[in-house]
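Observations on chain architecture
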Number of protein chains: 2
Amino acid sequence: MAKRFSADKYVAGILAGDRVMLSRAITLVESRLASDLELAQEVINQVLPHAGNSVRIGITGVPGVGKSTFIEAFGNYLIQEQGKRLAVLAVDPTSQRTGGSILGDKTRMESLSTNPQAFIRPSPAGKSLGGVTRSTRESILLCEAAGFDAVIVETVGVGQSETAVHAMVDFFLLLMLAGAGDELQGIKRGIMEMADAIAITKADGENAMKAKAARAEYQNALHLYPMAASGWLPKVSVCSALEPSGLDTIWQSVSDYLKLSQQNGFFEKKRRDQNLQWMYEAIRQGLEENFYSHQQVQEQLPGIARQVQEGQKSAFAAAAELLKLV
Amino acid sequence: MAKRFSADKYVAGILAGDRVMLSRAITLVESRLASDLELAQEVINQVLPHAGNSVRIGITGVPGVGKSTFIEAFGNYLIQEQGKRLAVLAVDPTSQRTGGSILGDKTRMESLSTNPQAFIRPSPAGKSLGGVTRSTRESILLCEAAGFDAVIVETVGVGQSETAVHAMVDFFLLLMLAGAGDELQGIKRGIMEMADAIAITKADGENAMKAKAARAEYQNALHLYPMAASGWLPKVSVCSALEPSGLDTIWQSVSDYLKLSQQNGFFEKKRRDQNLQWMYEAIRQGLEENFYSHQQVQEQLPGIARQVQEGQKSAFAAAAELLKLV
């Protein structure tokens, strides 16, 4: 077990911008030890009045799209050109990882990870998606209280994690490759509709023309989507982390979105809705954890599930049978 | 309380194709009376071995797209040209209805409702979405056991019900109007990605050209989506319930889809997955019903939810606090 401090000590360190205390507090909220839970909640509750003052950006894209390279280039742009203090958090349950983790990618984010204005936190290892998203959400609050006014939440783009990340950020950016064939890009159905912006990466050299063609195609496709509740029409742009180029256009989209959504009240409404949504989600998780860890449920579930799959028992009869056990 | 029979009597009637007994059995599964629950489950379990032999088609589209008229024309086509026996069920929680209910539409489905090969069942009145989808899923099984080999599940296209219907059918058909501007059609984001086919309705008279242009546009847009797990590329076609025309093309898509998905095993896999998904969904609903009906939870939830919305309490701390009450 890692070293523990008093809640006051964590909070004082975080508010003073102490990166070591911030890291330790994140480790605390990542812990699932029952003995840590109360302390973690005390810390979170104390920093809450100091949290919220950042733009929260979710970034997704399949392996190969150049996500780490993009985040490094975009992060440096935010720090150098926009004067931001940037935190980068990852949501990738290790068990589902196919490629390298953000920790392994540290060399690829070399300049960002040594920048005093940036704070990079890898995904907690060996966690379920529920555990990761829970601690990531609380980590956002801790980073904000420590003075980071831009938070990037990175996710891998092939699983369930996008929906969870979408529910904790203000702006969702989807990275795509030009001409890879969407079926090859492995983007899960539904993710494109979550995007507030799409950026075609690697728009340099021979790729530049292809990227521009892809931009037109995607912009056209997005016009077919129904208008988002925010009143925002998602933007498509091209960028190159290599040159670098196009990063200002992406930031402009974020700024325009913030301006629009703050003016029409959507920003505040979305944050409030997200807070409530996470409470209900946490309740659901808590109820299911209790239920599925019950001994009799664990014993009988596999057999009953098999009967349901094979159409020998109705789903609702099976549920009623299992619910009676607890 | 409606009249009740023994489970054996319901089952014998259903298997004999007795429409009155089928109706009564559906009323039974729609009941939320605790005293009816066990009997309903007994009936369902007994008919299960006789269920499953239909093609289950979900149909959605916003009010104004001509859904009832389409279903009547398509239903008559299925009966007359394809020799099907057709059941039509509706999933529209009354509280969320903006327009007329399928019951009120009965005159619009006049020829279908008097056809001995068709069985039309309106949405149960005054129910939550959870209650409607639960009873609709069981009603599908009852209709199949009564010999209906095509089941259409209709939903209204503006709410949460599409996801629920998508999870209970084999094939999902989205009806669209040409040139209405998608933002005006009110189709919820994400629904287009669920569609196995899109049919542009009212493709007759002056509208015919516009409908064909819309078809090309949608077909193009669908190419941008990632390939569905079924290996099926959604088809877009035009149709007119008035002429009638294009109904055979839509049925051809359904047939092609069935052939492909039965050959590659996706059909069977999807049905098994759906069964399991409904069991887990029913468990979740049961757990939440118990939790949220708990007296102390009901007393404390509003105040705690307000604190969470306003950022005075973290979502997870609030959830933990509420979970402790039960």
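Residues numbered from 1 in each chain as written. Chains lettered and ligands numbered in written order. Predicted model: local features only at pLDDT ≥ 70, side-chain atom pairs only at ≥ 80, totals over all residues. Heavy atoms only, no water.

As for the sheet that holds strand 4 (residues 150-155) of chain A
Residue and element names in this part refer to chain A. The strand order 3-2-4-1-5-6-7 describes an open sheet built from seven strands, whose pairing is parallel. The two strands at the open ends of the sheet, each matched to only one other strand, are strand 3 (118-121) and strand 7 (235-238). If you compare each strand with its neighbour and ignore which way they point, the axes differ by 20 degrees on average. By the bridge criterion, five bridges tie strand 1 (residues 55-60) to strand 4 in an arrangement that is parallel. When the bridges of strand 4 are listed, isoleucine 57 appears paired with isoleucine 152. Here helix 4 (residues 67-82) sits on the sheet in contact with strand 1, strand 2 (86-91), strand 3, strand 4 and strand 5 (171-176), set at roughly 175 degrees to strand 4. Sitting on the sheet, helix 9 (residues 207-224) touches strand 5, strand 6 (197-200) and strand 7, and the angle it makes with strand 7 is about 175 degrees. (Pairing = 2+ DSSP bridges. Helix = DSSP H or I, 4+ residues; strand = E, 2+ residues; numbered from the N terminus. Axes fitted to C-alpha atoms, helices over the stretch in contact; angles between N-to-C directions. Contact = heavy atoms within 4.5 Å.)

What to know about the nonpolar core
Met279 of chain A together with Met279 of chain B are the most contacted members of the largest nonpolar core, which has 148 residues in total. Setting aside residues up to four positions removed in sequence, methionine 279 of chain A forms contacts with Leu301, Ile304, Ala305, Val308, Ala315, Ala318, Ala319 and Leu322 of chain B. (Core = buried A, V, L, I, M, F, W, Y, C linked by side-chain atoms within 4.5 Å. Buried < 20%, exposed > 50% of the residue type's maximum accessible area, 1.4 Å probe, protein only.)

Some details on the sheet that holds strand 5 (residues 171-176) of chain B
Residues and elements named next belong to chain B. Judged by pairing direction, the sheet is parallel, and its seven strands sit side by side in the order 3-2-4-1-5-6-7 without closing on themselves. Each edge of the sheet is formed by a strand with only one pairing partner; in this case those strands are strand 3 (118-121) and strand 7 (235-238). Sheet twist, expressed as the mean angle between neighbouring strand axes with direction ignored, is 20 degrees. Of the pairings in the sheet, the one linking strand 1 (residues 55-60) to strand 5 comprises four bridges and is parallel in character. Looking across to strand 5, one finds that isoleucine 57 is bridged to phenylalanine 171. Where helix 4 (residues 67-82) meets the sheet, it contacts strand 1, strand 2 (86-91), strand 3, strand 4 (150-155) and strand 5, and its direction lies at approximately 175 degrees from that of strand 4.

A look at the relation of the copies chain A and chain B
Note on the identical chains: chain A maps onto chain B by a rotation of 180 degrees and an axial translation of 0.1 Å, with an RMSD of 0.1 Å. Look at the turn and shift together and you get a two-fold axis relating the two. By residue overlap, the copies meet face to face through one surface: 98% of the interface positions of chain A are interface positions in chain B. (Least-squares fit on C-alpha atoms with pLDDT ≥ 70 in both.)

So, the interface of chain A and chain B
Listed per partner, the contact involves 58 residues of chain A and 57 residues of chain B. A buried area of about 5,400 Å², summed over both sides, lies between chain A and chain B, and 65% of it is on carbon and sulfur atoms. Our count for the chain A to chain B interface comes out at zero salt bridges. Our count for the chain A to chain B interface comes out at eight residue pairs in polar contact (both at pLDDT 80 or more). Among the secondary structure elements, those contributing two or more residues to the side of chain A that touches chain B are helix 3 (34-47), helix 6 (129-145), helix 8 (182-185), helix 9, helix 11 (266-292), helix 12 (295-309) and helix 13 (315-323) of chain A. A per-element tally of the side of chain A that touches chain B places helix 11 of chain A first, with 14 residues. Grouping the amino acids of the side of chain A that touches chain B by side-chain chemistry returns 34 nonpolar, 10 polar and 14 charged. (Buried area = accessible area lost by both parts, 1.4 Å probe. Salt bridge = Lys/Arg side-chain N within 4 Å of Asp/Glu carboxyl O. Polar contact = N/O pair within 3.5 Å; in protein donor to acceptor, adjacent residues only side chain to side chain. Nonpolar A, V, L, I, M, F, W, Y, C, P; charged D, E, K, R; others polar.)

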